[in-house]
Amino acid sequence: MIRIFAIAAALYVVLRLAYVLAMGDVFFYGEELEKGAVAKMLLDGVEIPYARMPFHPYEGGGFVASHLKALMFLLVGQNILAHKLAAIAWGLGTVFASVGLAWRFAGAGAAMLAGFLMAFGPAHFQKQSLLHLGIHYEALLFMGFVFWLGLEVARTPRDRRPDRLTLFGLGLASGFGTYFSYQVPIAVLSVIVLLAATNWRRIFAWPLVVGTLVGLAPLMLMYASVGREILDIHGSEVGGGGGWERLVGAIRVGLADVQRLPTFTILSAGLAIVSGLSFARPRDDRAWALALFGGFALLWLAFAGASGMIEPVAEGAHWVRFIRFAPLVWALLMIVALSAGPAVSAKGEARSTPPAKMARIGVTLLVALGAVHAAQIIDGGSLRRAGDHWQTLTSVHGYELRGAFVKVVPRLARENDSPEGYAKAVAPLFSIRVPKRQDAGVGEGAPDFLAAEITAAVGHAAPGFGSAAMGEALRQVAGDGATGVALGLGAAVFREASGNVRGALERADLDASAAEALGRYGTGFLSWEPYVKGELDAARETPGQIPFLRGLGRRIFRSSVMQLYWGPDTRLDPVALRDRLVEGAPALGAGPAELAALLEGVRSAAWDYGFPDAVAVRLVP
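A few points on the structure. Values in this document were obtained by computation on a predicted structure and should not be read as measured data.

## Looking at the overall build of the chain
So, point 1. Along the backbone of the chain there are 28 helices and zero strands.
So, point 2. By the compact-globule yardstick of 25 Å for 621 residues, the chain fits well, its C-alpha radius of gyration being 26 Å.
So, point 3. With respect to the principal axes defined by its C-alpha atoms, the chain has extents near 85 × 50 × 45 Å.
So, point 4. Counting the 621 residues in the chain, one finds 58% classified as buried.
So, point 5. Contacts in the chain between residues at least 24 apart in sequence constitute 80% of all its contacts with a sequence separation of at least 6.
So, point 6. Total accessible area computed for the chain in this model is approximately 24500 Å², and 61% of it derives from carbon and sulfur atoms.

Here's what the structure looks like:
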């Protein structure tokens, strides 16, 4: 088994490193960097309550991911690369659980096939393996061990007691897995059904109960600190009506996006499964394993449809929209491996039988399709530019402070109703250490950058405070970043102008810092490309136009380079954003001075986020 795992692990790592170095389409979802900000808070020793630090209290896996990111920050620096290495490391654990389970209950052929399918799964599945959020894909690790240990207990003869350590491990994986992701209980329920079918008394074995309680301890502690927030799963669609309709629609879109060959995919998988089962009818361990994965798939579909956890997915949707399907895809891949594995490893005359040949054909077609997807992911970037990409990966900050602060600040200050109370609650955040750059004339300086991000989050969380009172309170605790507070007051300035950007910019008492802060906020934290012209028009020929556009440039950078709201073409590529703005300037009605102000904002943001000097100097028209 170790040799098989080594081969599968090597293939998995090589492919994913190629995706990362090519800058393929495995970047970028904002929460990854925001959970990196939590990792940075852990490393910097920020003195805030531990249970109020997670990005989402209901998402234990995200907090676990932040701890792994912190470790990677220590090993390779606080950069983008650390996230991808954390994802690969976690993925290796999932590969081990999948290969080990298949080997234990269906033999070497199933183990090898499981390894290949984990490496060469569907395109969405491969991409999700590099998105280190600590949620749906990463939950497969715990599901794998829950299934493995559950099958070990189930295969124990009825007249013998299961190994106590196995029972304790099953409980630990079930309990902590539940804290990690609320999809894991579906796997736990599947195992409970399995144990009920074999010997129901084992469900109440004391090592299993104790292990479960120990595993659930972090969830209990989180509940003691934040209460019902652990159940506050955001998203208006989650738990709403129409769950079955959304589930069916998402499956249809997902299949249509499999290289535009849904029929080919279904027939190849069906051929591998049916032929594999015809070659070697499942008995004993293999039969229980197949029943467990099949039952889980059905339970998952029932839960997804009834709970409404699947959001609407439109044609051509970004792959991240399918991330909640990761457990279902994994279960189906494992069913293929368990079914066709014996045919793949058959020897002698048995290897030449029609069912064995047909099973190998089906498996080969599936792996080949996955290899095509892998090649397309790499082709979506450029391995020839791996050197430049390496510099970006190791230079750009692996954290997005404002996005994390927006979640953390309300929990820190939820018992305060005054600017002074908020300032006192968020004061520990000013101890975060932001790297300083040499050329102070480009960025705004580390303390000012940090202060602006904290202030922006306070403004988002405290809509009742005026900009003057909020600014004065925060400057008292900002230390060296006191001058940066004004650059984060955009939300308050926007509200004071009743949402009228032009009216605010025409105010005689609005200074340059307030105008830039307004640009950083605009009509919201994010900036979509179609909205840019409206904001340009609103600012045109006002006293605060130029500083406003500098702030808008920074907001555009944050929404397009550091997140995907402008599509994947500009991800981690400020030069591509510059070209897009230059080419689109005539259509936007942006003259040379306006374009220069926007690009000045883009350049200063690139500098503050850690992009290499060679990139920053190219961000001028």
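Still more ground to cover, so stick around.
## Some thoughts on the pattern of salt bridges
So, point 1. Tallied over the entire structure, the rule returns 24 salt bridges.
So, point 2. The shortest N-O distance in the salt bridge between Arg580 and Glu529 comes to 2.5 Å. You can see Arg580 sitting in helix 26 (residues 574-588) and its partner Glu529 sitting in helix 24 (residues 529-539), a full 51 residues away along the chain.
So, point 3. Given the relative accessible area of 23%, Arg580 is considered partly exposed.
So, point 4. Three or more residues are tied together by salt bridges with common partners; here these are Arg104, Glu152, Arg155 and Asp285.

## Section: the packing of aromatic side chains
So, point 1. Under the defined criterion, the tally for this structure stands at 24 aromatic pairs.
So, point 2. Measuring from ring centre to ring centre gives 6.1 Å for Phe145 and Trp148, while their planes differ by 5 degrees; the resulting arrangement is stacked. Of the two residues, Phe145 and Trp148 both sit in helix 7 (residues 139-155), three residues apart, roughly one turn of that helix.
So, point 3. Clustering of aromatic rings is evident, with ring pairs tying together Trp90, Phe142, Phe176, Tyr179 and Phe180.
So, point 4. In this structure, Arg16 is placed above the aromatic ring of Tyr12, and the distance from its NZ or CZ to the ring centre is 3.9 Å.

## Here we look at unusual backbone geometry
So, point 1. The phi angle at Glu541 is positive, at roughly 60 degrees, despite the residue not being glycine.
So, point 2. Its place among the elements puts Glu541 in the loop between helix 24 and helix 25 (545-560).
So, point 3. In this structure Glu541 comes out as exposed when scored by relative accessible area, which is 71%.
So, point 4. Phi is positive for Leu572, which is not a glycine, with a value near 55 degrees.
So, point 5. Checked against the element boundaries, Leu572 lands in the loop between helix 25 and helix 26.

## Here we look at the side chain of Ser174
So, point 1. Position of Ser174 relative to the elements: it lies in helix 8 (residues 164-180).
So, point 2. One polar contact links the side chain of Ser174 to the main-chain carbonyl oxygen of Leu170, over a distance of 2.7 Å.
So, point 3. When near neighbours in sequence (up to four residues on either side) are disregarded, Ser174 contacts Val146, Val184 and Val188.

## Brief notes about helix 19 (residues 446-461)
So, point 1. With 16 residues, helix 19 should reach 22 Å at 1.5 Å per residue; the first-to-last C-alpha distance of 23 Å fits that figure.
So, point 2. In terms of burial, helix 19 is a largely internal element, 14 of the 16 residues being buried.

## Considerations on the nonpolar core
So, point 1. Of all hydrophobic cores here, the largest spans 198 residues; its most connected members are Phe147, Trp300, Leu429, Phe557 and Phe611.
So, point 2. If you look at the next biggest cluster of nonpolar residues, it comprises six residues, including Leu131, Leu133, Ile135 and Trp319.

## Points about the packing of helix 4 (residues 80-106) against helix 14 (residues 326-344)
So, point 1. One can describe the packing of helix 4 onto helix 14 by two numbers: an axis separation of 10 Å at closest approach and a directional angle of 35 degrees. Handedness of the crossing formed by helix 4 with helix 14: right-handed. Where helix 4 approaches helix 14, its residues Ser98, Leu101, Ala102 and Ala106 are matched on the opposing element by Trp330, Met334, Leu338 and Pro342.
So, point 2. Taken together, the residues that form the contact of helix 4 with helix 14 break down as seven nonpolar, one polar and no charged.

## A few points about the environment of Ser513
So, point 1. As for its position among the elements, Ser513 is in helix 23 (residues 512-521).
So, point 2. Relative accessible area serves as the criterion here: at 28%, Ser513 is assigned to the partly exposed category.
So, point 3. Between the alpha carbons of Ser513 and Leu487 there is a distance of 5.6 Å; along the sequence they are 26 residues apart.
So, point 4. Setting aside anything within four residues of it in sequence, one finds Ser513 in contact with Ala486 and Leu487.

## Concerning a nonpolar patch on the surface
So, point 1. Among the surface-exposed residues, Leu71, Leu74, Leu75 and Val76 lie close enough to one another that they form a single nonpolar patch of about 390 Å² accessible area.
So, point 2. On the secondary structure map, Val76 appears in helix 3 (residues 60-76).

## Some words on helix 25
So, point 1. Compared with an ideal rise of 1.5 Å per residue, which puts 16 residues at 22 Å, helix 25 spans 22 Å between its outermost C-alpha atoms and is within 8% of the ideal.
So, point 2. In terms of burial, helix 25 is largely enclosed, as 14 of its 16 residues are buried.

Basis of the calculations
- Residues numbered from 1 in each chain as written.
- Predicted model: local features only at pLDDT ≥ 70, side-chain atom pairs only at ≥ 80, totals over all residues.
- Heavy atoms only, no water.
- Helix = DSSP H or I, 4+ residues; strand = E, 2+ residues; numbered from the N terminus.
- Rg over C-alpha atoms; globule rule 2.2 N^0.38 Å.
- Buried < 20%, exposed > 50% of the residue type's maximum accessible area, 1.4 Å probe, protein only.
- Contact = heavy atoms within 4.5 Å.
- Areas by Shrake-Rupley, 256 points an atom, 1.4 Å probe, with all protein chains shown as cover.
- Salt bridge = Lys/Arg side-chain N within 4 Å of Asp/Glu carboxyl O.
- Phe/Tyr/Trp six-rings, centres within 6.5 Å; stacked < 30°, edge-to-face > 60°.
- Lys NZ or Arg CZ within 6 Å of the ring centre and 35° of its normal.
- Polar contact = N/O pair within 3.5 Å; in protein donor to acceptor, adjacent residues only side chain to side chain.
- Expected span 1.5 Å × (residues − 1).
- Core = buried A, V, L, I, M, F, W, Y, C linked by side-chain atoms within 4.5 Å.
- Axes fitted to C-alpha atoms, helices over the stretch in contact; angles between N-to-C directions.
- Left-handed = near helix turned anticlockwise from the far one by under 90°.
- Nonpolar A, V, L, I, M, F, W, Y, C, P; charged D, E, K, R; others polar.
- Patch = residues over 30% accessible without salt bridge, like charges linked within 9 Å, V, L, I, M, F, W, Y side chains within 5 Å.

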